[in-house]
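# Per-entry structural report
What follows is the residue order along each chain.
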Amino acid sequence: MVMSLELLACAEMTEADRRAVAAGVSGAALMEAAGAAVARRARELWPAARRILVLAGPGANGGDGYVAARRLAERGLAVTVAALVPPERLSGDAAFMASRWSGAVTPIADADFGAADVIVDALFGAGLSRPLEGAAADAAERANASRTPILAVDVPSGLHGDLGAPLGRGPVVRAAATVTFVRPKPGHVLLPGRTLCGALTVADIGTPEAVVPSLGVATFRNRPALWSGALPRPATDGHKYRRGHALVWSGPEFMTGAARLSAFAAARVGAGAVTIAGAPAALRVHAAHVSAIMLAEAVDADGLEKLFGARRFASAVVGPGAGPGVEAAARAALDGAESAVLDADVFTAFAGRPDELAAAIRRAPARPVVLTPHEGEFARLFPDLTDGSKLDRARAAASRTGAVVALKGADTVVAAPDGRAAIADNAPPTLATAGAGDVLAGFCAGLLAQGMPAFEAAAAAVWIHGEAAAGFGPGLIADDLPHVAPAVLARLLGAPKDS
Ligand SMILES: NC(=O)C1=CN([C@@H]2O[C@H](COP(=O)(O)OP(=O)(O)OC[C@H]3O[C@@H](n4cnc5c(N)ncnc54)[C@H](OP(=O)(O)O)[C@@H]3O)[C@@H](O)[C@H]2O)[C@@H](O)CC1
Ligand SMILES: Nc1ncnc2c1ncn2[C@@H]1O[C@H](COP(=O)(O)OP(=O)(O)O)[C@@H](O)[C@H]1O
Ligand SMILES: [K+]
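Given the structure is predicted, the values throughout are model-derived calculations rather than measurements.

### Some words on the overall build of the chain
Helix and strand content of the chain: 19 helices and 17 strands. Taken over C-alpha atoms, the radius of gyration comes to 26 Å for the chain, in line with the 23 Å a tight globule of 499 residues would show. Looking at the 499 residues of the chain, the share that counts as buried comes to 56%. The long-range share in the chain, meaning contacts at least 24 apart out of those at least 6 apart in sequence, stands at 73%. Carbon and sulfur atoms form 54% of the exposed surface of the chain, whose accessible area is close to 19800 Å².

Here is the structure:
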């Protein structure tokens, strides 16, 4: 099984195959290995299955299906191929593999979906170019209705490998498991694709090792290997300000919780000092709740500017529970702090004016900025960025604003203006709880304060956030997240030595 970070778009996958062939591996060898991996996985998952129905499409995905059919029949299983197009209409390697299948082939309309123990879905893979319709749509719907477990080849048919969603309004096969090849695609990780794939495995099909690194892939799974090298490690001769001083802008007295959640999160993830800035009435509320966190008066954006003028802040958070004056506070943070995390109310304040926010960000292009909108806030800020996948939209927002964008949800995408992007799949649904976003903003700010580059800091914050929630389990509230982050950090940084 392949374990790696890259996610290959369908076009990159096609190019990987082309380069593999150019390097001397035949297309038929790749297809043989792909079909063999599918057959192996079917036997591993359903060792008691006797009757297999292979749905074979018109392209190379169907070719993989004919290989799997042959391999499973060789093991003594009763295999029927239900073909979307007659085998004589196939071309290339798929035609060759169909010619090597000597078992039963039935037109897909006549297939008995209920009579199989396992269905292998080899209708369409990376070549899907339009919504399923006609006989293909019928087959997908009958396969789903049969309740027979489905093993998808490459992707569940109807799902677009880049989008993680069906093309148009066409149906999609709901797989119990999916075997893909070489590397996963974005659509295996983005929702709803991740759910429709079931259990995903990635098979090596003999693509030479140099091929994937030669592609210049910029999309990754959000895993520690992507950013752990940049994770801050406290220096022996460090002091608290060298570890980074983070500032959190607080809203008015009855909205102080959000700023505190951000502040605790920044501190727990390793900022050396954290100051909450706000109006006196708000600070009085904070004072009743915090000890290590410092408080500084800033009635409005002018007050914030004075604070930034008086001392160095390695990062600032503006947005969580911010209330009135948030736009001016965001501008002050962008001008005065060495890095900034903008969240929540900032996106409402700049609704429909992303270019004004971008202009404020680009006044100091080298200063790291992270934006952490959820889908609703994203739509408010960027009403015209509706096309493409969540990955495409986050990338477009990053390139437009010059900031790193963490577009939140169960499949949070972190995208950088240079085109890099990471998709997370480790957050449990219990993370959907009020205030969790404020904590994420604080994790980002705490890592930025310690000098972690913005893309790595945002990706690490998202992963740590998800991992903290998963580790806590049921009953999670946002207040718990900063407290469980140290256990996640301990795993990432390695346990301290005994002596
Ligand atoms: N690349 C490699 O080296 C390897 C690739 N491998 C395998 O190849 C798969 C990709 O193969 P592929 O490119 O042939 O595409 P595939 O998904 O079979 O479909 C293309 C056919 O479907 C048709 N078609 C499209 N949409 C349609 C629709 N809605 N309704 C009806 N028809 C539709 C389309 O017709 P067209 O759009 O061109 O008219 C074309 O005829 C990949 O997923 C993996 O499984 C492995 O063997 C390992 C090595
Ligand atoms: N279904 C889900 N599964 C996993 N994580 C989720 C899910 N829904 C939301 N999240 C995460 O929970 C957090 C919620 O943040 P946000 O919507 O800003 O809430 P709040 O404003 O209350 O803090 C985000 O980090 C988001 O990625
Ligand atoms: K498929």
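### A word on the site of ligand 2
The immediate surroundings of ligand 2 are formed by 16 residues, with Lys408, Gly409, Gly435, Gly437 and His465 found nearest. Between ligand 2 and Gly437, the relevant distance is 2.6 Å, taken from an oxygen atom to a main-chain nitrogen or oxygen of the residue. Contact with the protein chains covers 76% of the free accessible surface of ligand 2, which is 570 Å². The cavity where ligand 2 resides is the second largest pocket. With three residues, the top contributor of residues to the shell around ligand 2 is helix α17 (residues 436–449).

### A closer look at the UniProt feature "binding site: K(+)" (unreviewed entry) in the chain
The UniProt record marks Asn61, Asp121 and Ser157 with the feature "binding site: K(+)" (unreviewed entry), using the residue numbering of this structure. A maximum C-alpha distance of 9.5 Å is found for the annotated residues, which run over 97 residues; spatially they form one tight group. The subset of these annotated residues that lines the largest pocket comprises Asn61. Here Asp121 shows up in strand β4 (residues 118–122). Ignoring anything within four residues of it in the chain, the contact list for Asp121 reads Leu55, Asn61, Ile150, Leu151, Ala152, Val153, Val155, Pro156, Ser157 and Val173.

### A few points about the site of ligand 1
Residues in contact with ligand 1 amount to 20 residues; listed here are only the nearest, Asp17, Asp64, Gly125, Arg130 and Asp154. Ser129 has a polar side-chain atom sitting 2.9 Å from an oxygen atom of ligand 1. Burial of ligand 1 by the surrounding chains reaches 72%, relative to a free accessible area of 930 Å². Among the detected pockets, ligand 1 sits in the largest pocket. Listed by contribution, the elements that provide at least two residues to the shell around ligand 1 are α2 (27–45) and α3 (60–74).

### Regarding unusual backbone geometry
Cis geometry marks the peptide bond from Leu191 to Pro192; its omega dihedral reads 0°. Looking at the element boundaries, Pro192 is found in the loop between α6 (186–189) and α7 (193–197). One non-glycine residue, Arg147, adopts positive backbone phi at about 65°. In this fold, Arg147 is placed in the loop between α5 (134–146) and β5 (150–153). Positive phi values are uncommon outside glycine, yet Ala344 reaches one of about 45°. Checked against the element boundaries, Ala344 lands in the loop between β13 (340–342) and α13 (345–349).

### A few points about the environment of Ala266
Inspection of the secondary structure puts Ala266 in helix α9 (residues 257–268). Each C-alpha atom, one on Ala266 and one on Ala460, is 13 Å from the other, the two residues being 194 residues apart in sequence. If we ignore the near neighbours within four places in the chain, the residues touching Ala266 are Ala246, Ala271, Val274, Gly442, Phe443 and Gly446.

### A short note on the sheet that holds β4
Read across the sheet, seven strands follow the order β3-β2-β1-β4-β5-β6-β7 without closing on themselves; strand pairing throughout is parallel. Bordering the open sheet on either side are β3 (104–107) and β7 (199–203), each of which pairs with just one other strand. Within the sheet, the average angular offset between the axes of one strand and its neighbour, ignoring direction, is 20°. Note: strand β2 (residues 78–83) against β3, four bridges, orientation parallel. In the sheet register, Ala82 faces β3, and the bridge partner there is Thr106.

### Re the sheet that holds strand β10 (residues 273–278)
The strand order across the open sheet built from 10 strands is β8-β17-β16-β15-β14-β13-β12-β9-β10-β11, with neighbouring strands paired in mixed fashion. Looking at strand neighbours, the two that pair on one side only are β8 (219–221) and β11 (294–297), the edges of this open sheet. Between one strand and the next, the sheet's axes are offset by a mean angle of 20°, whatever the strand orientation. Bridging between strand β12 (residues 315–318) and β13 involves three bridges; their strand directions are parallel. Among the inter-strand pairings, Val317 is bridged to a residue of β13, identified as Val341. Helix α11 (residues 301–310) rests against β9 (245–249), β10, β11 and β12 of the sheet, and its axis sits at about 175° to β9. The sheet contacts of helix α12 (residues 326–336) involve β9, β12, β13 and β14 (369–371), and relative to β12 the element is tilted by about 170°.

### Thoughts on the domain arrangement of the chain
If you check the domain split of the chain, you get domain 1 (10–217) and domain 2 (224–493). On the domain 2 side, the residues contacting the seven residues of domain 1 number 11 residues. Taken together, both faces of the contact between domain 1 and domain 2 bury some 640 Å²; the carbon and sulfur share is 72%. The largest per-residue losses of area from domain 1 upon contact with domain 2 belong to Val189, Leu190 and Arg194, which jointly make up 63% of the total buried on that side. The interface formed by domain 1 and domain 2 holds zero salt bridges in total. Between the two partners, domain 1 and domain 2, sit two residue pairs in polar contact (both at pLDDT 80 or more). Of the residues in the side of domain 1 that touches domain 2, the class split is five nonpolar, no polar and two charged.

### Observations regarding the pairing of strand β1 (residues 51–56)
With five of six residues buried, β1 lies mostly within the body of the structure. In this structure, β1 lies alongside β2, joined through six bridges in parallel fashion. What sits directly across from Leu53, in β2, is Thr80. One crossover worth recording links β1 to the parallel β2 by way of α3, and it is right-handed. Examined bridge by bridge, β1 and β4 share five bridges and lie parallel to one another. Bridge pairing links Leu53 to Ile119 in β4.

Reading the values: rules and limits
Residues numbered from 1 in each chain as written. Chains lettered and ligands numbered in written order. Predicted model: local features only at pLDDT ≥ 70, side-chain atom pairs only at ≥ 80, totals over all residues. Heavy atoms only, no water. Helix = DSSP H or I, 4+ residues; strand = E, 2+ residues; numbered from the N terminus. Rg over C-alpha atoms; globule rule 2.2 N^0.38 Å. Buried < 20%, exposed > 50% of the residue type's maximum accessible area, 1.4 Å probe, protein only. Contact = heavy atoms within 4.5 Å. Areas by Shrake-Rupley, 256 points an atom, 1.4 Å probe, with all protein chains shown as cover. Near = heavy atom within 4 Å. Polar contact = N/O pair within 3.5 Å; in protein donor to acceptor, adjacent residues only side chain to side chain. 1 Å grid on protein atoms, 1.4 Å probe; cavity = no way out; pocket = protein on both sides within 12 Å on 5 of 7 lines; lining within 4 Å. Sits in = over half its atoms within 2 Å of the grid points. UniProt positions renumbered as here; feature names shortened; annotations may be inferred. Pairing = 2+ DSSP bridges. Axes fitted to C-alpha atoms, helices over the stretch in contact; angles between N-to-C directions. Domains from an automatic or database assignment. Buried area = accessible area lost by both parts, 1.4 Å probe. Salt bridge = Lys/Arg side-chain N within 4 Å of Asp/Glu carboxyl O. Nonpolar A, V, L, I, M, F, W, Y, C, P; charged D, E, K, R; others polar. Right-handed = clockwise from strand over helix to strand, strands pointing away.

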